[in-house]
Amino acid sequence: MGFKCGIVGLPNVGKSTLFNALTATAAAQAANYPFCTIEPNVGDVAVPDPRLDSLSRIAKSAQIIPTRLTFVDIAGLVRGASKGEGLGNQFLANIREVDAVAHVVRCFEDGDITHVEGKIDPVADIETIETELMLSDLESLEKRIDALEKKAKGGDKEAKETVDLVNRTLVLLREGRPARMVERKPEEEKLFRSLGLLSSKPVLYVCNVEEAAAGEGNAFSAKVFELAKKEGAGCVVISAKIESEISVLPESEQADYLEAVGLKEPGLNRLISEGYKLLHLVTYFTVGPKEARAWTITQGTRAPAAAGVIHTDFEHGFIRAETIACDDYLKYGGEAGARDAGRFRLEGKEYVVADGDVLHFRFNT
């Protein structure tokens, strides 16, 4: 199960620098974590999770395989992209294919790097891109509504539900608010996603700051955090320059560099983790002498579907899941200790997998 996060932003905000650092860091992990570049603008990176290392030590696993996120460096946007300006059509098509958007905004002053709008105003930059996405969505829905209404009048139940959802979304878009803010019931979520709206994607704002502000941010990033809070969006502070410097250092030197610049961990770790949270993902583990592995599922996934992430046969022939909470596995020194302590459980088809579960699936082929 792959999850894609598209990196977007106006020209000269540090988007490509950040992506290059991200992929260089991932490539540097190759000794421990398999890395693949699917295309020049796609990077598949490990999600940091210290639990996996701890589990592997107890199980004496020969290999560690973390769960992953795919980041896509999407072509830069300019004003008018919704009408095809610049690489507008390519930009919009690429956004449609991702699960979430990491929106890089410039939060630093530098006279040597021009800003496409002539001034540093991250909130205005956000509005520029958001407006283009909303205009594209508005045009898309207005083209579809007449045909949907005809179907609805003909008694098509799904068309009626779609018309209602589309009309509620159009109200928001005409008010200048993104589609992701439309109120909807859980049972409408699948239908809403099927509309393919660009402004419906969950957003993580990435504030690219100067080196001195990499830890706490600055006045520019504070405004972005305020906006993110109002929207219920994610937000993280990163210095793309620092990240690019870290990415080319040997692993043995990275900790000293981070300490020298006053950081506890690379900003990319925060970006990856926040992207994982943004998509409402959880991790479960399979652990044994051959490998300790993390698997990505969405919150609320039941055991058979979680098993299906490993192989479809596991889902179709699911019998039960042998389950130990990660904390219990670590506390009692592995499966045998957890069994002896009464912390080993057998769960059936209705069990909702929790973050950190250590699972072993029983199934019929």
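Engineer: Account for the pattern of salt bridges, naming residues and giving values.
Structural biologist: The final tally for this structure, using the stated rule, is 20 salt bridges. Between E291 and R293 there is a salt bridge whose closest N-O contact spans 3.9 Å. Accessibility expressed as a relative area gives 25% for E291, which makes it partly exposed. A residue is classified by how much of its surface remains accessible, and R293, at 25% relative accessible area, is partly exposed.

Engineer: Tell me what's going on with the environment of K150, and back it up with residues and numbers.
Structural biologist: The residue K150 is located in helix α4 (residues 122-153) in this model. For the pair formed by K150 and V163, sequence separation is 13 residues and the distance between their alpha carbons is 9.9 Å.

Engineer: Describe in detail the environment of G267, supporting the description with residues and values.
Structural biologist: Its place among the elements puts G267 in helix α10 (residues 267-278). Spatially, the C-alpha atoms of G267 and S239 are 7.4 Å apart, while their sequence positions differ by 28 residues. Those residues in contact with G267, other than ones at most four positions away along the chain, are I238 and E243.

Engineer: Quick one: what's the story with the nonpolar core, residue by residue and with numbers?
Structural biologist: Core analysis: the largest hydrophobic core is formed by 53 residues, its most contacted members being L69, F71, Y205, V206 and L271. Beyond its immediate sequence surroundings of up to four residues, V206 is in contact with L18, A102, H103, V104, V105, V236, I238 and L271. Among the nonpolar cores identified, the runner-up in size contains 19 residues, and A152, V163, L165 and L195 belong to it.

Engineer: So what's going on with the packing of α4 against helix α7 (residues 219-231)? Which residues, and what values?
Structural biologist: Taken N-terminus to C-terminus, the directions of α4 and α7 make an angle of 45°; their axes are 8 Å apart at the nearest point. Taken as axis vectors, α4 and α7 run oblique relative to one another. Contacts between α4 and α7 pair P122, V123 and I126 from the former with F220, K223, V224 and L227 from the latter. Split by residue class, the contact of α4 with α7 holds six nonpolar, no polar and one charged.

Engineer: Pulling in residues and values, what's your account of the packing of helix α8 (residues 240-247) against helix α9 (residues 251-260)?
Structural biologist: Running from N to C, α8 and α9 cross one another at 155°; their axes reach a closest spacing of 10 Å. In this view, α8 runs roughly antiparallel relative to α9, as classed from their interaxial angle. Both α8 and α9 take part in a crossing whose hand is right-handed. Of the residues in α9, those touching α8 at I242, E245 and I246 are Q254, Y257 and L258. Its residues assigned to classes, the contact of α8 with α9 comprises four nonpolar, one polar and one charged.

Engineer: How would you sum up unusual backbone geometry? Please name residues and give values.
Structural biologist: A positive phi angle, near 55°, is found at K60, a position not held by glycine. Within the secondary structure, K60 is located in the loop between α2 (50-59) and β3 (63-65). In this model, H280 sits at a positive phi of 55°, which is unusual for a non-glycine residue. Here H280 lies in the loop between α10 and β8 (281-287).

Criteria and thresholds
The written sequence of each chain sets the order in which its residues are numbered from 1. Only residues with pLDDT of at least 70 are given local features in this predicted model, and only at 80 or more are side-chain atom pairs given and counted; all residues enter the totals for whole chains, interfaces and linings. Excluded from the side-chain calculations are hydrogens and water; all other atoms, namely the structure's heavy atoms, are used. Counted as salt bridges are all cases of a side-chain nitrogen of Lys or Arg within 4 Å of a carboxyl oxygen of Asp or Glu. Any residue under 20% of the maximum accessible area for its type is buried, any over 50% is exposed, and the rest in between are partly exposed; the area is computed with a 1.4 Å probe on protein chains only. Counting from the N terminus, the helices are DSSP H or I runs at least four residues long and the strands are E runs at least two residues long. Contact criterion: two residues are considered in contact whenever any of their non-hydrogen atoms come within 4.5 Å of each other. We call a set of buried residues a nonpolar core when its members are Ala, Val, Leu, Ile, Met, Phe, Trp, Tyr or Cys and they connect through side-chain atoms within 4.5 Å of each other. For helices, the fitted line uses only the C-alpha atoms of the stretch in contact; every axis is such a line through C-alpha atoms, and the angle between N-to-C directions lies from 0 to 180 degrees. For classification, angles of less than 35 degrees are called roughly parallel, those exceeding 145 degrees roughly antiparallel, those between 65 and 115 degrees roughly perpendicular, and all remaining angles oblique. Under the scheme applied, nonpolar residues are Ala, Val, Leu, Ile, Met, Phe, Trp, Tyr, Cys and Pro; charged residues are Asp, Glu, Lys and Arg; polar residues are all the others, including Gly. When the near helix sits turned anticlockwise from the far one by under a right angle, the crossing is termed left-handed; a clockwise turn instead gives a right-handed crossing.

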